[in-house]
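# Examining the three-dimensional arrangement
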Amino acid sequence: MQEIFHTDAGFAEDADQKDALAWCKQQFHFPQHNGKDAIYFCGNSLGLQPIHTKQAIDIELTTWRDMAVGGYFGGANPWLYYQDYMRPVMAGIVGAKENEVTVMNTLTVNLHLMMLSFYRPTKQRYRIIMEAGAFPSDQYAVETMVRHHGFDPADAVVEVHPADGEKLLRTPDIIDVIRQYGDSVALVLFGGISYYTGQLYDIAAITAAAHSVHAVAGFDLAHVAGNVPVQLHDWQVDFAVWCSYKYLNAGPGAAGGVFVHETHAGNTGMQRLGGWWGNDEKTRFKMEKGFVPKPDAGGWNISTAQVFNMVALKASLELFGKTGMQAIRRKSLRLTAYLEYLLQQLPGLSFEIITPADSEARGAQLSLYFREKGREIHDRMIANGIIVDYREPGVIRVAPAPLYCSFTDVYRFYELLKGFA
Ligand SMILES: *Cc1c(COP(=O)(O)O)cnc(C)c1O
């Protein structure tokens, strides 16, 4: 059912007053603009700092200061198990069982590690199918991975393009390409949400199509985690990776998340690159020959827990634990629909919303394509304390993250944009 919105400022104030998640805004620090909090629509690039983060980091600094090596077994959060503290909330965020998720490294590194396990090409079955225009790091990872196995990216990497004159991918077209390449497909690797258009792909349908040709289905959920609830376990996704500095607010370079479906996670015979942190704790120090991976996603851990890259994630996830993804999504759907509605009241401006109009096919972000003046509008926004980002050619991405963006923030954006009409 389409909600009725209004263009008066009172509507936004009223919506904020009734917002069940309004209290979350006070849980974050905002960049300052002329002595006031800026309005922040860039949570799809780097989420804001939760006020609680500094204290959480201080706790680990104190443990290190006072206990040194003793911190692995003592202190508030023994470091030996640090990667496991994030599991319960992280599992809820991506619809996984706790044994299917772990936290380690950063996204692209994890993508490589997952491909080393899940992309085992043969002469007959070696192709990777992905969306055209994927995030550059994913493109580089795939290109170099197929070369690592001795294949030519021009042949081994198949990109699915939008139909002529369109900017979005249609699910049936994705499925057609997968079927068309059939037995030669080793891996179908898609972003969950396109960083550029904001399109949310049908993860369940793509997974089913990959499995129908006996290929592996993997996803990069950088723009999904903490933005849109997903059900990786039920959808039978084989693996997924994501970063935690976007909607998950864990800070630059924070440890990334990994999902390995239970059907693989328990398979200790699966190929991987091992290290002591993925080895069973019980036998880790017995000095016996032979790597014994943990029979869960943690079996892909390699190095000692990166405590200072994980602590901010641990702190940030507490908020997600309190709200849950359903409440976040509920507000997000409404907030982004409100932004869309306001944008539609600006007929004098020549721009196009390239993000899907179907709210089930997008997250928080709307991408606005300006045929002209895109850069100028972006710069004016920044000068007025509204932080959005700009991507050539002419795209302003606006992501009202529901944890710290209000209806009034969205209204201010609209008011400023109206000045250009
Ligand atoms: C943000 C993002 C990345 C970043 O990868 P890092 O390894 O964390 O630098 C990769 N892929 C996608 C789709 C992204 O949106």
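## Things to note about the overall build of the chain
Secondary structure assignment for the chain yields 14 helices and 15 strands. The C-alpha radius of gyration computed for the chain amounts to 22 Å, which stays within 12% of the reference 22 Å derived for 421 residues, consistent with globular compactness. Taking the intrachain contacts of the chain between residues at least 6 apart in sequence as the baseline, contacts between residues at least 24 apart amount to 71%. Here the chain has roughly 18000 Å² of accessible surface; of this, 52% comes from carbon and sulfur atoms. Placing the 37 positive and 45 negative side-chain charges of the chain at their respective mean positions leaves the two points 3 Å apart.

## Notes on the sheet that holds strand S9 (residues 239-242)
For sheets, the rule is that strands pair by backbone hydrogen bonds, running either parallel or antiparallel. Pairing within the open sheet is mixed, and its seven strands lie in the order S4-S10-S9-S8-S7-S5-S6. Each end of this open sheet is capped by a strand with a single partner; those strands are strand S4 (101-104) and strand S6 (157-160). Each adjacent strand pair in this sheet contributes to an overall mean axis angle of 20°, direction not counted. Relative to strand S7 (residues 185-191), strand S5 (residues 127-131) runs parallel, the two being bridged by three bridges. Looking at S7, one finds that Ile 128 is bridged to Leu 187.

## Some remarks on the nonpolar core
Generally speaking, a soluble globular protein has its nonpolar side chains buried in company with each other. Of all hydrophobic cores here, the largest spans 108 residues; its most connected members are Phe 190, Trp 242 and Phe 413. In terms of domain composition, this core takes at least three residues from each of domain 1 (9-44 + 324-418) and domain 2 (57-321). With residues near it in sequence (within four places) discarded, Phe 413 still touches Phe 41, Leu 339, Leu 343, Leu 368, Met 381, Ile 386, Val 388 and Val 398. Core analysis: the second largest hydrophobic core is formed by 34 residues, Met 130, Ala 156, Leu 189 and Phe 239 among them.

## Quick notes on helix H5 (residues 136-148)
When the terminal C-alpha atoms of H5 are compared, their 18 Å separation across 13 residues agrees well with the 18 Å that a helix rising 1.5 Å per residue should span. Within the sequence span of H5, burial applies to Asp 138, Ala 141, Val 142, Met 145 and Val 146. Angularly, the buried residues of H5 cover 120° about the axis, an arc narrow enough to put them on a single face. For H5, the exposed residues lying more than 90 degrees away from the buried face are Tyr 140 and His 148. Once H5 finishes, Gly 150 follows within two positions and takes phi at roughly 85°, a positive value.

## Brief notes about the side chain of Asp 296
Examined against the element boundaries, Asp 296 turns out to sit in the loop between helix H10 (281-284) and helix H11 (307-323). By relative accessible area, Asp 296 is classed as buried at 14%. Beyond its immediate stretch of four places on either side in the chain, Asp 296 contacts Arg 87, Asn 99 and Ala 265.

## Quick notes on the site of the ligand
The environment of the ligand is made up of Leu 107, Thr 108, Phe 135, Asp 138, Asp 220, Ala 222, His 223, Tyr 245 and Lys 246. Here Asp 138 contributes a side-chain N or O atom positioned 2.7 Å from a nitrogen atom of the ligand. Each residue belonging to the shell around the ligand can be placed in one class, and the counts come to four nonpolar, two polar and three charged.

## Observations concerning the pairing of S5
Summarising burial for S5: five of the five residues are buried, a large majority. The two faces of S5 match: Arg 127, Ile 129 and Glu 131 on one face and Ile 128 and Met 130 on the other face are all buried. With four bridges joining them, S5 and S6 adopt parallel strand pairing. Looking at the pairing, Ile 129 lines up with Val 158 of S6.

## Regarding the environment of Leu 221
As for its placement among the helices and strands, Leu 221 is situated in the loop between strand S8 (216-220) and S9. Between the alpha carbons of Leu 221 and Leu 343 there is a distance of 27 Å; along the sequence they are 122 residues apart.

## Looking at the environment of Gly 253
Summarising the element assignment, Gly 253 is placed in the loop between S9 and strand S10 (256-260). The class of Gly 253 is partly exposed, set by a relative accessible area of 32%. Distance in space between the C-alpha atoms of Gly 253 and Trp 64 is 21 Å, their sequence separation being 189 residues. Apart from residues no more than four positions distant in its own chain, Gly 253 is found in contact with Thr 106, Tyr 245 and Asn 309.

## Overview of the sheet that holds strand S14 (residues 389-391)
Read across the open sheet, the four strands follow the order S11-S12-S15-S14; overall the sheet is antiparallel. Bordering the open sheet on either side are strand S11 (351-353) and S14, each of which pairs with just one other strand. Averaged over all pairs of adjacent strands, the angle between strand axes in this sheet comes to 30°, irrespective of strand direction. By the bridge criterion, four bridges tie strand S12 (residues 366-370) to strand S15 (residues 395-398) in an arrangement that is antiparallel. When the bridges of S15 are listed, Leu 368 appears paired with Ile 396. Packed on one face of the sheet, helix H12 (residues 325-344) meets S11, S12 and S15 and runs near 20° to S12. The sheet contacts of helix H13 (residues 374-383) involve S12, S14 and S15, and relative to S14 the element is tilted by about 165°.

## Brief notes about the domain arrangement of the chain
Where interface size is quoted, it is often the accessible area lost as the parts come together. What the domain assignment lists for the chain is domain 1 (9-44 + 324-418) and domain 2 (57-321). Placing the centre of domain 1 and that of domain 2 at their C-alpha centroids yields a distance of 29 Å. Contacts between the two partners involve 33 residues from domain 1 and, on the opposite side, 22 residues from domain 2. Summed over both partners, the interface of domain 1 with domain 2 buries about 2200 Å², with 61% contributed by carbon and sulfur atoms. It is Asn 44, Met 325 and Ile 354 in domain 1 that bury the most area against domain 2; as a group they hold 26% of the surface buried on that side.

Criteria and thresholds
Residues numbered from 1 in each chain as written. Predicted model: local features only at pLDDT ≥ 70, side-chain atom pairs only at ≥ 80, totals over all residues. Heavy atoms only, no water. Helix = DSSP H or I, 4+ residues; strand = E, 2+ residues; numbered from the N terminus. Rg over C-alpha atoms; globule rule 2.2 N^0.38 Å. Contact = heavy atoms within 4.5 Å. Areas by Shrake-Rupley, 256 points an atom, 1.4 Å probe, with all protein chains shown as cover. Lys, Arg positive; Asp, Glu negative; His and termini not counted. Charge placed at Lys NZ, Arg CZ, Asp CG, Glu CD. Pairing = 2+ DSSP bridges. Axes fitted to C-alpha atoms, helices over the stretch in contact; angles between N-to-C directions. Core = buried A, V, L, I, M, F, W, Y, C linked by side-chain atoms within 4.5 Å. Buried < 20%, exposed > 50% of the residue type's maximum accessible area, 1.4 Å probe, protein only. Domains from an automatic or database assignment. Expected span 1.5 Å × (residues − 1). Arc of directions from axis to C-beta. Near = heavy atom within 4 Å. Polar contact = N/O pair within 3.5 Å; in protein donor to acceptor, adjacent residues only side chain to side chain. Nonpolar A, V, L, I, M, F, W, Y, C, P; charged D, E, K, R; others polar. Buried area = accessible area lost by both parts, 1.4 Å probe.

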